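Commentary on secondary and tertiary structure
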There are 2 protein chains.
Amino acid sequence: MKENDIKSVNGGVCAAKGYLAAGVYCGIRRNRTKKDLALVYSETPATAAAVYTRNRVKGAPLAVTKAHVDAGKISAIICNSGIANTCCAGGKELAEETCAIVGETLGIPAESVAVASTGVIGQPLDLAPFRYGVPELKAALSRDGSDAALAIMTTDTISKQVAVEFTLGGKVCRLGGMAKGSGMIHPDMATMLVFLTTDAAVSKEMLQRALSGDVADTFNMMSVDGDTSTNDMVLLLANGMAGNEEITCENDDFRTFMRALNTVNIALCRMLAGDGEGATKLLDCVVTGADTLSDAKKAAKAIVCSSLVKAAMFGADANWGRVLCAMGYGGAAFDPESVDVVFRSAAGEVEVCRGGSGTDFSEEKAKEVLSANEIFILVRMGKGEFSAEAWGCDLTYDYVRINGDYRT
Amino acid sequence: MKENDIKSVNGGVCAAKGYLAAGVYCGIRRNRTKKDLALVYSETPATAAAVYTRNRVKGAPLAVTKAHVDAGKISAIICNSGIANTCCAGGKELAEETCAIVGETLGIPAESVAVASTGVIGQPLDLAPFRYGVPELKAALSRDGSDAALAIMTTDTISKQVAVEFTLGGKVCRLGGMAKGSGMIHPDMATMLVFLTTDAAVSKEMLQRALSGDVADTFNMMSVDGDTSTNDMVLLLANGMAGNEEITCENDDFRTFMRALNTVNIALCRMLAGDGEGATKLLDCVVTGADTLSDAKKAAKAIVCSSLVKAAMFGADANWGRVLCAMGYGGAAFDPESVDVVFRSAAGEVEVCRGGSGTDFSEEKAKEVLSANEIFILVRMGKGEFSAEAWGCDLTYDYVRINGDYRT
């Protein structure tokens, strides 16, 4: 492959060299048909970077993972679904004990284990299933990460994995990841659980710089429901087994790595938004012609976050006034009278607003365009050179059904 | 009545002396059974104060009303429903022409007319129905404001009127109002359409101070769906016909007037939130024990705005973790481990969280409490002396249904 190519490959969290994973049912959930515990293992201790939710209420596992990531290399990730281990007395000790169980079982230091939990807030986590499940996970470790991707799901309807291949100084590298998240997802923070692995060698500082930089344009530009979870994190491991020269500054290799990371993260964003709770449609909003990047981002996010835009998309109703309304309260600077809006999908495209006023568009054609399951909302602000993209989903009866009775 | 009493009385926008109103069907809407044009008339030109939406995309009528309110006294309010007169070329001229028609018909200056529109954004407004409807309205003017309250409704299911009586320096005064709004309602801005009338004499400066001050604690603390409309305003007219000494400073009379205004506005907030699009329940969130007023307000608003809290309330699911989660991303400073949460309704109360962890509450009892149609969410932050209240509603299947196809 060419030096600059970023090529899609099969797999996810085990696509890169030296990573193994497994997922099992261990009894945290009542539903025995849904796996609830995942393990990712790196044969070589990996440099790690992470971003965490900025919610003031934080899940107990985040503090433990942050301490371990800050202190040194990471060899394993343990993640349960079903119970969030948040807002419960003694949660931090439980998270530490989980790392100890994994460390003992795998023969690695407890401090080299990252821990994550997702599920109901405020219910106590029982360690007994871990004592049973972790040895099971060890026995099941393989180069196929798909069971792990299944085990971290909550209300997700599809498991989410993606991987790419690229070269750094002639060495073939891979970067892959898995994600979970369907509700309680909102931009401008680290959201959901995403575990990324690469065999590229990247210094800790540059790995964190790459992750923090990319998250601002990818996961933080996505929303399902405006609610920012307490337990979310994006964790990126780099074990260096590809044998490339370690990236230690912003050189060409770093830029290639950034493009690979961006490719994986955008693919995961689209999977997450498209599988938003109850969603029938992925919304992909592209705002161009803004005076600043911040204006473009604010407008794009406001549009995909608007309950009214989301409900209109569910109904395939070309109610573009709501797009302008959302832009108007989103905080971006623009002149309403120079805004154009186009709806586009596999069924074609229709310009519904030009210069801030409605066009004489065909309602029939618009209905057809908006009946697809992937809708692009293209907004031209008519000012400067900046653009931004944001991802969301429609608001449906099923979102209400799922969240009207999540705990039972 | 005692000097300090604020007494509820029947009526709304015509409860105070010298106000007449009417509502008719004039042909702006296709549905002939729904009135679509309202007129309020003050026999004496009234001092006026107003607050407007802070959405960058503003309905054309707002600019015209603002110019008229800023320039002098107001004698009439004309308001149509069905078409918002927003995002359409020539909208300002149409709004000015509407004022001219009303001025000619009533024999008052066009500049003494306030104009408002609500309905679909981006569809052109036709003036022909106004030429037919305004004379009809003049003929129908009466001391009963209920037709006007009906005519300004869009997706509202009930008309919203309230009035109170109080005394200023021994003179009996009244303050009443009507409101519309069901969707596209979000705090921290002037939201919805609210028309308030009083016969008290209040200087323009003090009237605006009273209104701006009160809106921060009432309408701006309410949300239906997080979407801030383009056309909203709160307009308060004071015609002085009660004969009290004009309020020109922050004296006892001003404080009494503020209490009257607050009483009316809170009643309208509760009506608006309880009749939110698709809503089955009014949510009333009271946060106490905050270190600052701003912290209390941020927490209360985040809770009533959370889609997940709203959906849980629809399902009568005591998922209190979502209350803490919303507080956590709402921007307020607090210590999660000193937070208590109580759900209360006519069916009783249940403490679900104490000191940031779940209590051993009865799920059955909680279900009963949350099955009422008015739910109080009481949050003790356990820090300082500040408190705040916010109003919202549940998120239901009907919200999605209504907004999936609003235009047809």
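See the structure printed just above.
Right, let's walk through the structure included here. (Residues numbered from 1 in each chain as written. Chains lettered and ligands numbered in written order. Predicted model: local features only at pLDDT ≥ 70, side-chain atom pairs only at ≥ 80, totals over all residues. Heavy atoms only, no water.)

**Focus on the sheet that holds strand E14 (residues 374–380) of chain B**
Residue and element names in this part refer to chain B.
- Pairing is mixed in the open sheet, where 6 strands are placed in the order E13-E12-E11-E14-E10-E15. On the outer flanks of this sheet lie strand E13 (357–358) and strand E15 (386–393), each paired with one strand and no other.
- The pairing of strand E11 (residues 340–345) with E14 spans 5 bridges and is antiparallel. The partner of Val-342 across the bridge, within E14, is Leu-378. (Pairing = 2+ DSSP bridges. Helix = DSSP H or I, 4+ residues; strand = E, 2+ residues; numbered from the N terminus.)

**What about the interface of chain B and chain A?**
- Taken together, the contact between chain B and chain A spans 54 residues of the former and 54 residues of the latter.
- Summing both partners gives a buried area of about 4,300 Å² for chain B against chain A, and 56% of it is carried by carbon and sulfur.
- Connecting chain B to chain A are 0 salt bridges.
- Linking chain B to chain A there are 2 residue pairs in polar contact (both at pLDDT 80 or more).
- Of the residues in the side of chain B that touches chain A, the class split is 25 nonpolar, 18 polar and 11 charged. (Contact = heavy atoms within 4.5 Å. Buried area = accessible area lost by both parts, 1.4 Å probe. Salt bridge = Lys/Arg side-chain N within 4 Å of Asp/Glu carboxyl O. Polar contact = N/O pair within 3.5 Å; in protein donor to acceptor, adjacent residues only side chain to side chain. Nonpolar A, V, L, I, M, F, W, Y, C, P; charged D, E, K, R; others polar.)

**Topic: the relation of the copies chain B and chain A**
- Here chain B sits on chain A after a turn of 180° about the axis and a move of 0.0 Å along it, with an RMSD of 0.1 Å. Each copy turns onto its partner about a two-fold axis. Taking C-alpha positions as the reference, the residue of chain B nearest the rotation axis is Tyr-397 of chain B, at 2.5 Å.
- The share of interface residues of chain B whose copies in chain A are also at the interface is 100%, consistent with both copies meeting through the same surface. (Least-squares fit on C-alpha atoms with pLDDT ≥ 70 in both.)

**Topic: the environment of Asn-239 of chain A**
Residue and element names in this part refer to chain A.
- If you trace the backbone, Asn-239 turns up in the loop between strand E9 (233–238) and helix H6 (252–274).
- Since its relative accessible area comes to 7%, Asn-239 is described here as buried.
- It is 23 Å that separates the C-alpha atoms of Asn-239 and Ser-117, two residues lying 122 residues apart in sequence.
- A distance of 2.9 Å separates a polar atom in the side chain of Asn-239 from the backbone oxygen of Lys-17. (Buried < 20%, exposed > 50% of the residue type's maximum accessible area, 1.4 Å probe, protein only.)

**Things to note about unusual backbone geometry**
- With a phi close to 50°, Asn-85 of chain A is a non-glycine residue in the positive phi region.
- Relative to the elements of secondary structure, Asn-85 of chain A occurs in the loop between strand E4 (74–83) and helix H2 (91–106).
- Relative accessible area serves as the criterion here: at 1%, Asn-85 of chain A is assigned to the buried category.
- Unusually for a residue other than glycine, Ala-316 of chain B sits at a positive phi of about 50°.
- By secondary structure assignment, the location of Ala-316 of chain B is in the loop between helix H8 (307–314) and helix H9 (321–329).

**Here's the deal with the sheet that holds strand E10 (residues 282–290) of chain A**
Residues and elements named next belong to chain A.
- Reading across the sheet, the 6 strands line up as E13-E12-E11-E14-E10-E15 and stay open at both edges, with mixed pairing between neighbours. At either margin of the open sheet sits one strand with a lone partner, and together these are strand E13 (357–358) and strand E15 (386–393).
- Lying over the sheet, helix H8 (residues 307–314) contacts E10, strand E11 (340–345), strand E14 (374–380) and E15, oriented at roughly 130° with respect to E14. (Axes fitted to C-alpha atoms, helices over the stretch in contact; angles between N-to-C directions.)

**Quick word on the packing of helix H2 (residues 91–106) of chain B against helix H3 (residues 128–140) of chain B**
All names here are of chain B.
- Contact pair H2 / H3: the axes reach a minimum separation of 10 Å and the direction vectors enclose 40°. Taken as axis vectors, H2 and H3 run oblique relative to one another. For the crossing formed where H2 meets H3, the hand is right-handed. On H3, the residues touching Glu-97, Thr-98, Ile-101, Val-102, Thr-105 and Leu-106 of H2 are Phe-130, Arg-131, Val-134, Pro-135 and Lys-138.
- A per-class count over the contact of H2 with H3 returns 6 nonpolar, 2 polar and 3 charged. (Parallel < 35°, antiparallel > 145°, perpendicular 65-115°, else oblique. Left-handed = near helix turned anticlockwise from the far one by under 90°.)

**What to know about helix H5 (residues 204–215) of chain A**
Residues and elements named next belong to chain A.
- Given a rise of 1.5 Å per residue, 12 residues ought to cover 16 Å, and the 16 Å separating the end C-alpha atoms of H5 matches this to within 8%.
- When H5 is considered as a whole, its buried residues turn out to be Met-206, Leu-207, Ala-210, Leu-211, Asp-214 and Val-215. Down the axis, H5 shows its buried residues gathered within 160° of arc, on one side only.
- Check the buried side of H5 and you find it contacts strand E3 (37–52), strand E8 (193–198), E9 and H6. (Expected span 1.5 Å × (residues − 1). Arc of directions from axis to C-beta.)

**Details of the pattern of salt bridges**
- Applying the stated criterion across every chain, the model contains 36 salt bridges over all chains.
- A salt bridge links Arg-401 of chain A to Asp-398 of chain A, with the nearest nitrogen and oxygen atoms 3.2 Å apart. Taken as a pair, Arg-401 of chain A and Asp-398 of chain A lie in helix H11 (residues 397–404) at a separation of 3 residues, close to a single helical turn.
- Relative accessible area serves as the criterion here: at 46%, Arg-401 of chain A is assigned to the partly exposed category.
- We note a salt bridge from Lys-66 of chain B to Asp-70 of chain B, for which the minimum N-O separation is 2.8 Å. Placement of both Lys-66 of chain B and Asp-70 of chain B in helix H1 (residues 60–71) is noted, with a separation of 4 residues, approximately one turn of the helix.

**Some remarks on the side chain of Thr-197 of chain B**
All names here are of chain B.
- Here Thr-197 is to be found in strand E8 (residues 193–198).
- A polar side-chain atom of Thr-197 sits 2.7 Å from the main-chain carbonyl oxygen of Val-13.
- Once residues lying within four places of it in the same chain are set aside, the contact partners of Thr-197 are Gly-12, Val-13, Cys-14, Ala-16, Tyr-19, Val-40, Arg-174, Leu-175, Gly-176 and Leu-237.

**What to know about the environment of Glu-349 of chain B**
All names here are of chain B.
- Secondary-structure assignment places Glu-349 in strand E12 (residues 348–354).
- Given a relative accessible area of 43%, Glu-349 falls into the partly exposed group.
- At 2.8 Å, the side chain of Glu-349 and the side chain of Arg-344 are in polar contact.

**Notes on the state of the cysteines**
- Inspection of the entire model under this criterion finds 0 disulfides over all chains.
- A disulfide-free cysteine, Cys-173 of chain A has its sulfur positioned 15 Å from the sulfur of Cys-249 of chain A, the nearest such atom. (Disulfide = S-S within 2.5 Å.)

**Comments concerning the packing of aromatic side chains**
- A complete count under the given rule lists 5 aromatic pairs over all chains for this structure.
- One aromatic cluster is present, built from ring pairs that chain together Phe-314 and Tyr-397 of chain A together with Phe-314 and Tyr-397 of chain B. (Phe/Tyr/Trp six-rings, centres within 6.5 Å; stacked < 30°, edge-to-face > 60°.)

**Overview of H6 of chain A**
Residues and elements named next belong to chain A.
- Taking 1.5 Å per residue as the helical rise, H6 with its 23 residues ought to reach 33 Å, and the 33 Å between its terminal C-alpha atoms agrees with that figure.
- Buried within H6 we find Asp-253, Phe-254, Thr-256, Phe-257, Ala-260, Leu-261, Val-264, Asn-265, Leu-268, Cys-269, Leu-272 and Ala-273.
- If you check the start of H6, you find a side-chain oxygen 3.3 Å away from the backbone N of Asp-253, and it comes from Asn-251.

**Describing the pairing of E8 of chain B**
All names here are of chain B.
- Among the 6 residues in E8, 6 count as buried, and that is most of the element.
- When strand E7 (residues 171–180) meets E8, the two strands line up antiparallel, connected through 6 bridges. Each residue of the ladder has a partner; that of Ala-179, found in E8, is Val-194.
- Bridging between E8 and strand E9 (residues 233–238) involves 6 bridges; their strand directions are parallel. Looking at E9, one finds that Thr-197 is bridged to Leu-237.

**Thoughts on the environment of Glu-246 of chain A**
All names here are of chain A.
- Positionally, Glu-246 belongs in the loop between E9 and H6.
- In this structure Glu-246 comes out as partly exposed when scored by relative accessible area, which is 42%.
- Linking Glu-246 and Glu-43, residues 203 residues apart in sequence, is a C-alpha distance of 18 Å.
- When neighbours within four sequence positions are excluded, Glu-246 is seen to be in contact with Ala-201, Val-202 and Ser-203.

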